[in-house]
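Now for the letters of each chain:
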Amino acid sequence: MIKGNKAIVTGASRGIGFAIAKELVNAGCSVVITGRNEKTLKVAAEKIGKTAIPMVWNASDIDLAAAKINEAAEILGGFDIVVNNAGIFAQRNEWSKTGLLQTTVDEWQSVMKTNTSAIFFTMQAAVNYMLENNIKGNILNVTSVAGYEPVYGAYGASKIAATGLTRGWGKMFANDGITINGIAPGPVATEMNNWHEGDPMKHDRIPFGRFATVEEIAKLAMYLLSEEAQMVCGETVVLDGGYAIR
């Protein structure tokens, strides 16, 4: 059973965020979904269901985090779940020598701002709201299995930082009744991984032989947001089909 009934999901116009928002709506939650493009968000909200409400917010605009969290709270009449899903890849291939040696300051900061700073300041705003309103809630951070592999550039560094924040904040606020955990997906069948509807699911580097689906990530999210998982604290659960096992 889901612990709360009013949720905010960032980066929810497609992919993992969309799937998590849909599962929450199917479980009876009202959900504010956020993203950068108003038109795309409205289409996503229509597909998810009538209790999905679009709210334009680029999570990398960290100066707006508190204002946007409060705006979502006004729309929903409060909230007890926040899913930090918004994230971006590095603009260059940071797993190559050339990519690493040509990475610019702006490219580095862009990835860190979206993948790490946005999680920090969204958690800060959400926890402040929960404490001020005596809410026992859940925060779930969607990171990446890259946070468990050797780090070469901004993407891996941002995901290790996000995993560390999940661990620290999970411990810090558990006694306040705020449960904070994470999910670290491996390769998932999404546009972000250059996978498109109708493409083969096969993936040679995954022991199970295929991409994970967004629905599989969403099902895990629902467990971590449920009463059954209330003793899971500060953990980031890997769902990668064995991809990162070396």
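Residues numbered from 1 in each chain as written. Predicted model: local features only at pLDDT ≥ 70, side-chain atom pairs only at ≥ 80, totals over all residues. Heavy atoms only, no water.

Novice: Teacher, can you tell me more about the side chain of Thr 166 here?
Specialist: Examined against the element boundaries, Thr 166 turns out to sit in helix H6 (residues 154-173). From its side chain, Thr 166 meets the backbone oxygen of Ala 162 in a polar contact 2.9 Å long. (Helix = DSSP H or I, 4+ residues; strand = E, 2+ residues; numbered from the N terminus. Polar contact = N/O pair within 3.5 Å; in protein donor to acceptor, adjacent residues only side chain to side chain.)

Novice: Help me out: how do you make sense of the packing of aromatic side chains in this one?
Specialist: Geometry of an aromatic ring pair is reported as the spacing of the ring centres plus the angle between the planes. Overall, the coordinates contain six aromatic pairs when judged by the stated rule. When the centroid spacing of 4.7 Å and the interplanar angle of 20° are considered together, the rings of Phe 79 and Tyr 129 count as stacked. Here Tyr 129 lies in helix H5 (residues 105-132) and Phe 79 lies in the loop between helix H3 (65-76) and strand S4 (81-84), a separation of 50 residues in the sequence. Of the two residues, Phe 79 and Tyr 129, both sit in the buried class. Look at Trp 169 and Phe 173: their rings are 5.2 Å apart centre to centre, the planes differ by 45°, and that puts the pair in the tilted class. Here Trp 169 pairs with Phe 173, and both are found in helix H6, just four residues apart, close to one helical turn. With respect to burial, Trp 169 and Phe 173 carry one shared label: buried. Ring pairing ties together the aromatic residues Phe 120, Phe 121, Trp 169 and Phe 173, which thus form one cluster. (Phe/Tyr/Trp six-rings, centres within 6.5 Å; stacked < 30°, edge-to-face > 60°. Buried < 20%, exposed > 50% of the residue type's maximum accessible area, 1.4 Å probe, protein only.)

Novice: Just to check I follow, could you spell out the nonpolar core for this structure?
Specialist: Nonpolar side chains tend toward joint burial in soluble globular proteins. Counting 35 residues, the largest nonpolar core has Ile 20, Leu 24, Val 31, Ile 33 and Val 83 as its most contacted members. Counting only elements with at least two residues in this core, the list comes to strand S1 (6-9), helix H1 (15-26), strand S2 (30-35), helix H2 (38-48), S4, strand S5 (138-142) and helix H7 (214-224). The contact partners of Val 83, leaving out residues within four places of it in the chain, are Ile 8, Val 9, Thr 10, Ile 20, Leu 140, Val 142 and Leu 225. Core analysis: the next-biggest nonpolar cluster, separate from the first, contains 26 residues, Met 55, Phe 79, Ala 125 and Ile 178 among them. (Core = buried A, V, L, I, M, F, W, Y, C linked by side-chain atoms within 4.5 Å. Contact = heavy atoms within 4.5 Å.)

Novice: What's the story with the pairing of S1 in this structure? I'm lost.
Specialist: For a regular strand, side chains alternate in direction, first toward one face of the sheet and then toward the other. Sheet topology note: the S1/S2 ladder contains four bridges and is parallel. Bridge assignment links Ile 8 to a residue of S2, and that residue is Val 32. Taken together, S1, H1 and S2 constitute a β-α-β crossover, and its handedness is right-handed. One ladder, built from three bridges, connects S1 with S4; its direction is parallel. By the bridge assignment, Ala 7 is partnered in S4 with Ile 81. (Pairing = 2+ DSSP bridges. Right-handed = clockwise from strand over helix to strand, strands pointing away.)

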